[in-house]
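In case you want the letters, here they are:
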Amino acid sequence: MPVVTTLLGIGCFPESHILSLGMLGMHGTAYANMAVDGADLVIAIGMRFDDRATGKVIGFAPQARIIHIDIDPAEIGKNVRVDVPIVGDVKNVLHALNEQIVSQTHVDWIEQIEDWRREHPSTAIRETEGLLPQYVVSKIYEVTQGDAIVVTGVGQNQMWAARYFGYHKPNSLISSGGLGTMGFELPAAIGAKVGCPDETVWCVAGDGGIQMTIQELATAVQDNIAVKIAILNNGYLGMVRQWQELFYGRRYVATRLSGPDFVKIAEAYGLPGIRVSDKLQVVSAIEKAMAHEGPFLIDFVVEPEENVYPMVMPGATLAEIIEEPRRELEVKVGPRDTSNV
Ligand SMILES: Cc1ncc(C[n+]2csc(CCOP(=O)(O)OP(=O)(O)O)c2C)c(N)n1
(Lines give C-alpha, C1' and ligand atoms only; values in the text may rest on other atoms or scores of the structure.)
Protein backbone atom coordinates (compact mmCIF):
# COMPACT_ATOMS: atom_id res chain seq x y z
CA MET A 1 0.00 0.00 0.00
CA PRO A 2 1.33 3.45 -0.82
CA VAL A 3 2.09 5.63 2.21
CA VAL A 4 1.52 9.37 2.53
CA THR A 5 2.34 11.36 5.63
CA THR A 6 1.06 14.50 7.26
CA LEU A 7 3.58 17.20 8.17
CA LEU A 8 3.98 15.85 11.69
CA GLY A 9 4.05 12.26 10.49
CA ILE A 10 7.11 12.85 8.30
CA GLY A 11 9.88 10.39 9.12
CA CYS A 12 7.60 7.58 10.26
CA PHE A 13 8.13 5.88 6.90
CA PRO A 14 11.36 6.26 4.88
CA GLU A 15 10.88 8.61 1.96
CA SER A 16 13.36 6.67 -0.17
CA HIS A 17 10.95 3.72 -0.14
CA ILE A 18 9.22 3.15 -3.47
CA LEU A 19 5.82 3.20 -1.75
CA SER A 20 6.43 6.54 -0.06
CA LEU A 21 4.57 9.40 -1.73
CA GLY A 22 5.70 12.08 0.72
CA MET A 23 3.43 14.60 2.35
CA LEU A 24 -0.21 15.19 1.42
CA GLY A 25 -2.29 18.33 1.71
CA MET A 26 -2.08 22.02 0.84
CA HIS A 27 1.62 21.86 -0.03
CA GLY A 28 1.95 18.12 -0.37
CA THR A 29 3.20 16.37 -3.48
CA ALA A 30 0.73 16.28 -6.35
CA TYR A 31 0.92 12.49 -6.53
CA ALA A 32 0.21 12.04 -2.81
CA ASN A 33 -2.93 14.13 -3.18
CA MET A 34 -3.96 12.33 -6.37
CA ALA A 35 -3.48 8.97 -4.67
CA VAL A 36 -5.66 9.97 -1.70
CA ASP A 37 -8.26 11.41 -4.05
CA GLY A 38 -8.39 8.18 -6.07
CA ALA A 39 -8.02 5.65 -3.26
CA ASP A 40 -10.72 3.13 -2.43
CA LEU A 41 -9.36 2.64 1.10
CA VAL A 42 -7.56 5.04 3.42
CA ILE A 43 -6.08 3.76 6.67
CA ALA A 44 -5.49 6.92 8.71
CA ILE A 45 -3.08 6.27 11.55
CA GLY A 46 -2.92 8.82 14.34
CA MET A 47 -3.78 11.75 12.08
CA ARG A 48 -6.28 14.39 13.08
CA PHE A 49 -7.57 15.32 9.60
CA ASP A 50 -6.35 18.89 9.88
CA ASP A 51 -7.69 21.09 7.06
CA ARG A 52 -4.17 21.62 5.69
CA ALA A 53 -4.02 17.86 5.16
CA THR A 54 -7.55 17.17 3.93
CA GLY A 55 -8.43 20.20 1.82
CA LYS A 56 -12.21 20.65 1.61
CA VAL A 57 -13.37 18.14 4.18
CA ILE A 58 -16.43 16.85 2.34
CA GLY A 59 -14.34 16.24 -0.76
CA PHE A 60 -11.61 14.29 1.09
CA ALA A 61 -10.91 10.84 -0.38
CA PRO A 62 -14.37 10.76 -1.97
CA GLN A 63 -14.16 7.17 -3.19
CA ALA A 64 -12.59 5.69 -0.10
CA ARG A 65 -13.73 3.83 2.93
CA ILE A 66 -11.79 5.21 5.86
CA ILE A 67 -10.34 3.23 8.73
CA HIS A 68 -9.18 5.60 11.47
CA ILE A 69 -6.80 4.31 14.13
CA ASP A 70 -6.25 6.66 17.05
CA ILE A 71 -5.52 6.34 20.74
CA ASP A 72 -7.92 9.18 21.58
CA PRO A 73 -11.62 8.39 21.01
CA ALA A 74 -12.39 12.12 20.81
CA GLU A 75 -10.48 12.23 17.50
CA ILE A 76 -12.75 9.72 15.78
CA GLY A 77 -15.22 11.40 13.42
CA LYS A 78 -14.12 14.86 14.59
CA ASN A 79 -13.54 16.27 11.11
CA VAL A 80 -14.11 13.49 8.59
CA ARG A 81 -16.65 10.68 8.36
CA VAL A 82 -15.03 7.40 9.31
CA ASP A 83 -16.25 3.96 8.27
CA VAL A 84 -14.22 1.88 10.69
CA PRO A 85 -12.96 3.51 13.90
CA ILE A 86 -10.30 1.66 15.88
CA VAL A 87 -9.29 3.10 19.24
CA GLY A 88 -5.97 1.85 20.57
CA ASP A 89 -2.21 2.04 20.60
CA VAL A 90 -1.14 1.89 16.97
CA LYS A 91 1.59 -0.63 17.70
CA ASN A 92 -0.89 -3.15 19.04
CA VAL A 93 -3.55 -2.32 16.46
CA LEU A 94 -1.22 -2.78 13.49
CA HIS A 95 0.06 -6.10 14.84
CA ALA A 96 -3.52 -7.32 15.24
CA LEU A 97 -4.56 -6.02 11.82
CA ASN A 98 -1.58 -7.58 10.08
CA GLU A 99 -2.56 -10.99 11.40
CA GLN A 100 -5.94 -10.65 9.66
CA ILE A 101 -4.62 -9.51 6.29
CA VAL A 102 -3.77 -11.69 3.32
CA SER A 103 -0.92 -10.28 1.25
CA GLN A 104 -2.04 -8.87 -2.11
CA THR A 105 -0.54 -6.92 -4.99
CA HIS A 106 -2.12 -3.98 -6.82
CA VAL A 107 0.10 -3.56 -9.85
CA ASP A 108 -2.25 -1.29 -11.86
CA TRP A 109 -2.72 1.09 -8.94
CA ILE A 110 1.00 1.34 -8.23
CA GLU A 111 1.70 1.92 -11.93
CA GLN A 112 -0.91 4.65 -12.01
CA ILE A 113 0.76 6.35 -9.06
CA GLU A 114 4.20 6.04 -10.68
CA ASP A 115 2.75 7.71 -13.81
CA TRP A 116 1.49 10.57 -11.63
CA ARG A 117 4.89 10.81 -9.98
CA ARG A 118 6.61 11.08 -13.39
CA GLU A 119 4.07 13.54 -14.81
CA HIS A 120 4.00 15.75 -11.69
CA PRO A 121 7.50 15.65 -10.21
CA SER A 122 6.76 17.69 -7.12
CA THR A 123 10.27 17.42 -5.75
CA ALA A 124 11.89 18.80 -8.90
CA ILE A 125 13.85 22.06 -8.64
CA ARG A 126 14.05 24.60 -11.49
CA GLU A 127 17.42 25.39 -13.04
CA THR A 128 18.01 29.03 -12.15
CA GLU A 129 20.83 31.52 -11.97
CA GLY A 130 19.59 32.76 -8.61
CA LEU A 131 19.55 30.85 -5.36
CA LEU A 132 16.35 28.93 -4.68
CA PRO A 133 15.39 27.98 -1.12
CA GLN A 134 14.44 24.48 -2.28
CA TYR A 135 18.00 24.11 -3.58
CA VAL A 136 19.42 25.02 -0.18
CA VAL A 137 17.30 22.41 1.61
CA SER A 138 18.15 19.74 -0.98
CA LYS A 139 21.86 20.45 -0.47
CA ILE A 140 21.54 20.17 3.32
CA TYR A 141 20.01 16.77 2.59
CA GLU A 142 22.82 15.78 0.25
CA VAL A 143 25.61 16.86 2.58
CA THR A 144 24.06 15.23 5.66
CA GLN A 145 22.79 12.26 3.62
CA GLY A 146 19.60 12.64 5.55
CA ASP A 147 21.27 11.95 8.88
CA ALA A 148 20.10 15.06 10.65
CA ILE A 149 17.25 16.46 12.66
CA VAL A 150 15.64 19.34 10.82
CA VAL A 151 13.76 21.91 12.89
CA THR A 152 11.62 24.45 11.04
CA GLY A 153 9.91 27.75 11.53
CA VAL A 154 6.51 28.46 10.04
CA GLY A 155 5.67 29.43 6.50
CA GLN A 156 7.44 28.73 3.23
CA ASN A 157 10.65 27.59 4.94
CA GLN A 158 8.61 24.97 6.82
CA MET A 159 7.08 23.61 3.63
CA TRP A 160 10.38 23.58 1.72
CA ALA A 161 12.07 21.83 4.66
CA ALA A 162 9.26 19.27 4.68
CA ARG A 163 9.42 18.59 0.97
CA TYR A 164 13.04 18.82 -0.19
CA PHE A 165 14.81 16.77 2.48
CA GLY A 166 14.56 12.98 2.26
CA TYR A 167 13.53 11.96 5.77
CA HIS A 168 14.21 8.39 6.74
CA LYS A 169 14.17 8.38 10.53
CA PRO A 170 11.26 8.92 12.94
CA ASN A 171 11.16 12.35 14.58
CA SER A 172 13.77 13.78 12.24
CA LEU A 173 11.51 16.70 11.31
CA ILE A 174 10.50 18.88 14.23
CA SER A 175 7.88 21.48 13.42
CA SER A 176 5.12 23.25 15.31
CA GLY A 177 2.54 21.99 12.80
CA GLY A 178 -0.95 23.37 13.14
CA LEU A 179 0.06 25.63 16.02
CA GLY A 180 1.95 27.74 13.45
CA THR A 181 4.44 28.99 16.00
CA MET A 182 6.82 31.46 14.39
CA GLY A 183 9.81 31.71 16.70
CA PHE A 184 9.74 27.96 17.42
CA GLU A 185 12.66 27.13 15.13
CA LEU A 186 15.71 28.27 17.10
CA PRO A 187 14.72 27.29 20.66
CA ALA A 188 13.32 23.97 19.42
CA ALA A 189 16.54 23.28 17.50
CA ILE A 190 18.52 24.03 20.67
CA GLY A 191 16.24 21.61 22.54
CA ALA A 192 16.69 18.94 19.86
CA LYS A 193 20.47 19.26 20.06
CA VAL A 194 20.44 19.04 23.88
CA GLY A 195 18.16 15.99 23.67
CA CYS A 196 20.18 14.33 20.88
CA PRO A 197 23.75 15.62 21.25
CA ASP A 198 25.13 13.07 18.79
CA GLU A 199 22.82 14.12 15.98
CA THR A 200 23.42 16.94 13.53
CA VAL A 201 20.65 19.49 14.04
CA TRP A 202 19.75 21.96 11.29
CA CYS A 203 17.42 24.83 12.07
CA VAL A 204 15.72 25.91 8.83
CA ALA A 205 14.27 29.35 9.43
CA GLY A 206 12.61 32.27 7.69
CA ASP A 207 13.99 35.75 8.15
CA GLY A 208 10.72 36.68 9.87
CA GLY A 209 10.37 33.80 12.35
CA ILE A 210 14.01 33.69 13.44
CA GLN A 211 13.72 37.28 14.64
CA MET A 212 11.00 36.36 17.11
CA THR A 213 13.40 34.39 19.31
CA ILE A 214 16.79 35.35 17.94
CA GLN A 215 18.05 36.19 21.43
CA GLU A 216 18.34 32.43 21.99
CA LEU A 217 21.58 32.63 20.00
CA ALA A 218 22.99 33.68 23.36
CA THR A 219 21.90 30.36 24.88
CA ALA A 220 23.47 28.40 22.02
CA VAL A 221 26.74 30.30 22.45
CA GLN A 222 26.75 30.31 26.24
CA ASP A 223 26.16 26.55 26.51
CA ASN A 224 28.00 25.72 23.27
CA ILE A 225 25.01 23.99 21.71
CA ALA A 226 26.10 23.18 18.18
CA VAL A 227 22.96 23.94 16.19
CA LYS A 228 23.46 24.79 12.53
CA ILE A 229 21.15 27.57 11.41
CA ALA A 230 20.08 28.09 7.79
CA ILE A 231 18.06 31.27 7.32
CA LEU A 232 16.16 31.16 4.03
CA ASN A 233 16.24 34.91 3.73
CA ASN A 234 13.71 36.04 1.12
CA GLY A 235 13.18 39.51 2.59
CA TYR A 236 9.51 38.82 3.16
CA LEU A 237 7.07 37.16 5.49
CA GLY A 238 7.09 34.79 2.57
CA MET A 239 4.04 32.63 3.06
CA VAL A 240 1.80 35.62 3.69
CA ARG A 241 3.32 37.37 0.65
CA GLN A 242 2.56 34.25 -1.41
CA TRP A 243 -1.13 34.47 -0.43
CA GLN A 244 -1.15 38.22 -1.15
CA GLU A 245 0.30 37.45 -4.58
CA LEU A 246 -2.04 34.60 -5.47
CA PHE A 247 -5.29 35.66 -3.81
CA TYR A 248 -5.04 39.43 -3.28
CA GLY A 249 -3.74 40.70 -6.64
CA ARG A 250 -0.16 41.21 -5.45
CA ARG A 251 -1.20 43.87 -2.96
CA TYR A 252 1.71 43.36 -0.61
CA VAL A 253 0.85 44.78 2.79
CA ALA A 254 3.11 44.48 5.84
CA THR A 255 5.01 41.53 4.38
CA ARG A 256 8.22 43.20 3.17
CA LEU A 257 11.03 42.83 5.72
CA SER A 258 14.12 44.96 5.46
CA GLY A 259 15.65 42.82 8.19
CA PRO A 260 18.93 43.17 10.05
CA ASP A 261 22.35 41.99 8.90
CA PHE A 262 22.20 38.43 10.26
CA VAL A 263 25.96 37.91 9.90
CA LYS A 264 26.60 40.91 12.15
CA ILE A 265 23.95 39.66 14.56
CA ALA A 266 25.73 36.28 14.72
CA GLU A 267 29.05 38.00 15.32
CA ALA A 268 27.52 40.16 18.02
CA TYR A 269 26.33 37.06 19.84
CA GLY A 270 29.75 35.42 19.38
CA LEU A 271 29.10 32.72 16.81
CA PRO A 272 30.39 32.52 13.24
CA GLY A 273 28.03 33.59 10.49
CA ILE A 274 28.37 33.73 6.72
CA ARG A 275 26.18 35.04 3.92
CA VAL A 276 25.59 32.99 0.77
CA SER A 277 23.80 34.22 -2.32
CA ASP A 278 25.58 32.16 -4.96
CA LYS A 279 24.43 28.61 -5.71
CA LEU A 280 28.01 27.48 -6.14
CA GLN A 281 28.85 28.36 -2.54
CA VAL A 282 25.97 26.49 -0.91
CA VAL A 283 27.62 23.10 -0.42
CA SER A 284 30.91 24.47 0.89
CA ALA A 285 29.00 26.72 3.32
CA ILE A 286 27.01 23.76 4.65
CA GLU A 287 30.20 21.72 5.00
CA LYS A 288 31.91 24.57 6.80
CA ALA A 289 29.02 24.86 9.23
CA MET A 290 29.13 21.15 9.95
CA ALA A 291 32.89 21.07 10.38
CA HIS A 292 32.67 23.83 13.00
CA GLU A 293 32.30 22.51 16.54
CA GLY A 294 29.84 25.02 17.91
CA PRO A 295 26.73 26.81 16.66
CA PHE A 296 26.96 28.28 13.17
CA LEU A 297 24.67 30.55 11.17
CA ILE A 298 24.28 30.83 7.40
CA ASP A 299 22.25 33.66 5.91
CA PHE A 300 21.09 32.25 2.56
CA VAL A 301 19.91 35.18 0.45
CA VAL A 302 17.33 33.43 -1.74
CA GLU A 303 14.99 34.48 -4.55
CA PRO A 304 12.59 36.91 -2.87
CA GLU A 305 9.36 35.92 -4.63
CA GLU A 306 9.72 32.17 -4.88
CA ASN A 307 6.48 30.33 -4.10
CA VAL A 308 5.72 26.93 -2.63
CA TYR A 309 4.14 24.65 -5.21
CA PRO A 310 2.12 22.55 -5.72
CA MET A 311 -0.66 24.20 -3.79
CA VAL A 312 -4.22 23.23 -2.99
CA MET A 313 -6.05 26.49 -2.45
CA PRO A 314 -7.85 26.95 0.87
CA GLY A 315 -11.33 25.44 0.55
CA ALA A 316 -10.47 23.32 -2.52
CA THR A 317 -10.32 19.53 -2.67
CA LEU A 318 -7.05 17.62 -2.91
CA ALA A 319 -7.84 16.98 -6.60
CA GLU A 320 -7.65 20.72 -7.39
CA ILE A 321 -3.89 21.15 -7.47
CA ILE A 322 -2.15 24.31 -8.65
CA GLU A 323 1.26 23.41 -9.99
CA GLU A 324 4.42 25.41 -10.55
CA PRO A 325 3.55 27.66 -13.51
CA ARG A 326 7.09 27.90 -14.85
CA ARG A 327 7.87 24.67 -16.63
CA GLU A 328 11.58 24.24 -17.17
CA LEU A 329 12.10 21.81 -14.32
CA GLU A 330 15.19 19.84 -13.62
CA VAL A 331 13.72 16.45 -12.75
CA LYS A 332 15.22 15.16 -9.57
CA VAL A 333 13.70 12.24 -7.81
CA GLY A 334 15.42 11.13 -4.63
CA PRO A 335 17.12 7.76 -4.22
CA ARG A 336 14.53 5.01 -4.24
CA ASP A 337 14.72 1.64 -2.61
CA THR A 338 12.84 -0.78 -4.86
CA SER A 339 13.69 -3.90 -2.91
CA ASN A 340 10.41 -4.01 -1.05
CA VAL A 341 7.76 -3.11 -3.64
C1 LIG B 1 3.67 34.44 15.83
C2 LIG B 1 3.06 34.34 14.46
N3 LIG B 1 2.69 35.47 13.81
C4 LIG B 1 2.14 35.41 12.59
C5 LIG B 1 1.91 34.19 11.98
C6 LIG B 1 1.28 34.11 10.61
N7 LIG B 1 2.26 33.69 9.63
C8 LIG B 1 2.31 32.44 9.14
S9 LIG B 1 3.57 32.19 8.06
C10 LIG B 1 4.07 33.78 8.23
C11 LIG B 1 5.27 34.30 7.47
C12 LIG B 1 6.55 33.71 7.95
O13 LIG B 1 7.61 34.48 7.44
P14 LIG B 1 9.11 33.98 7.58
O15 LIG B 1 9.40 33.54 8.97
O16 LIG B 1 10.01 35.01 7.00
O17 LIG B 1 9.11 32.64 6.70
P18 LIG B 1 8.86 32.40 5.12
O19 LIG B 1 7.40 32.15 4.93
O20 LIG B 1 9.34 33.62 4.38
O21 LIG B 1 9.69 31.19 4.85
C22 LIG B 1 3.24 34.50 9.11
C23 LIG B 1 3.39 35.94 9.44
C24 LIG B 1 2.28 33.03 12.71
N25 LIG B 1 2.11 31.81 12.20
N26 LIG B 1 2.84 33.13 13.93
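Scroll up to find the structure this text is about.
What comes next concerns the included structure.

Each value, and the rule that gives it
- Positions within a chain are numbered from 1, following the residues in the order the chain's sequence is written.
- In keeping with the model being predicted, local features are shown solely for residues with a pLDDT of at least 70 and side-chain atom pairs are shown and tallied solely at 80 or more, while totals for entire chains, interfaces and linings include all residues.
- Calculation of side-chain values draws on the structure's entire complement of heavy atoms; hydrogens and water are dropped beforehand.
- Strand pairing follows a simple DSSP-based rule, namely that at least 2 bridges must link the two strands.
- Strands here mean DSSP runs of E at least two residues long; helices mean DSSP runs of H or I at least four residues long; both are numbered from the N terminus.
- Note on definitions: angles span 0 to 180 degrees between N-to-C directions of axes, and those axes are lines fitted to C-alpha atoms, for helices only across the stretch in contact.
- Throughout, a contact is declared for two residues whenever any of their heavy atoms are within 4.5 Å.
- Type-normalised accessible area, obtained with a 1.4 Å probe on protein chains alone, sets the label of each residue: buried when under 20%, exposed when over 50%, and partly exposed for intermediate values.
- Classification remark: right-handed applies to a crossover when, strands pointing away from the viewer, the course from the first strand over the helix to the second runs clockwise.
- Here is the rule: rings of Phe, Tyr and Trp (six-membered ring for Trp) pair when centre to centre is within 6.5 Å. Planes less than 30 degrees apart are stacked, more than 60 are edge-to-face, and the remainder are tilted.
- Only lysine NZ and arginine CZ atoms are considered, and such an atom sits over a ring when it is within 6 Å of the ring centre and within 35 degrees of the ring normal.

### Focus on the sheet that holds strand S3 (residues 41-45)
Right, so step 1: Across the sheet, which stays open at both edges, the 3 strands sit in the order S3-S4-S5 with parallel pairing between neighbours. Looking along the sheet, the strands with just one partner apiece sit at the ends: S3 and strand S5 (84-87). The sheet shows a mean angle of 10° between the axes of neighbouring strands, direction not considered.
Right, so step 2: With 5 bridges connecting them, S3 and strand S4 (residues 65-70) associate as parallel partners. Looking at S4, one finds that Ile45 is bridged to Ile69.
Right, so step 3: Along the sheet, helix H3 (residues 90-100) contacts S3, S4 and S5; its crossing angle with S4, the most-contacted strand, is approximately 135°.

### Regarding the pairing of strand S7 (residues 149-152)
Right, so step 1: The alternating pattern of S7 places Ile149 and Val151 on one face and Val150 and Thr152 on the opposite face, and all of these are buried.
Right, so step 2: The sheet contact formed by S7 and strand S9 (residues 201-206) spans 4 bridges and is parallel. Residue pairing in the sheet places Val151 in a bridge with Cys203 of S9.
Right, so step 3: Both S7 and strand S8 (residues 173-174) contribute to a ladder of 2 bridges, which runs parallel. Each bridged residue has a counterpart across the sheet, and for Val150 the counterpart in S8 is Leu173.
Right, so step 4: On the question of chirality, the crossover connecting S7 to the parallel S8 by way of helix H6 (residues 156-163) is right-handed.

### Section: the side chain of Gln158
Right, so step 1: Position of Gln158 relative to the elements: it lies in helix H6.
Right, so step 2: With a relative accessible area of 6%, Gln158 lands in the buried category.
Right, so step 3: For Gln158, the residues in contact, after removing those within four places along its chain, are Leu7, Thr152, Gly153, Ser175, Ser176 and Gly177.

### Focus on the packing of aromatic side chains
Right, so step 1: On inspection of all chains with the given rule, the structure shows 6 aromatic pairs.
Right, so step 2: An angle of 70° between the planes, with centres 5.3 Å apart, marks the rings of Tyr141 and Phe165 as edge-to-face. Here Phe165 lies in the loop between H6 and S8 and Tyr141 lies in helix H5 (residues 133-144), a separation of 24 residues in the sequence.
Right, so step 3: Between Tyr236 and Tyr252 the ring centres are 5.7 Å apart and the planes differ by 75°, which places this aromatic pair in the edge-to-face class. A residue pair is termed long-range when its members are at least 10 positions apart, and Tyr236 in the loop between strand S10 (228-233) and helix H9 (238-247) and Tyr252 in the loop between H9 and helix H10 (262-269) qualify at 16 residues.
Right, so step 4: With relative accessibility at 10%, the residue Tyr236 sits in the buried group.
Right, so step 5: Judged by relative accessible area, Tyr252 falls into the partly exposed class, the value being 25%.
Right, so step 6: Through a chain of ring-to-ring contacts, three or more aromatic side chains come together here, namely Tyr141, Phe165 and Tyr167.
Right, so step 7: Positioned above the aromatic ring of Tyr135, the side-chain terminus of Lys279 is 4.9 Å from the ring centre.

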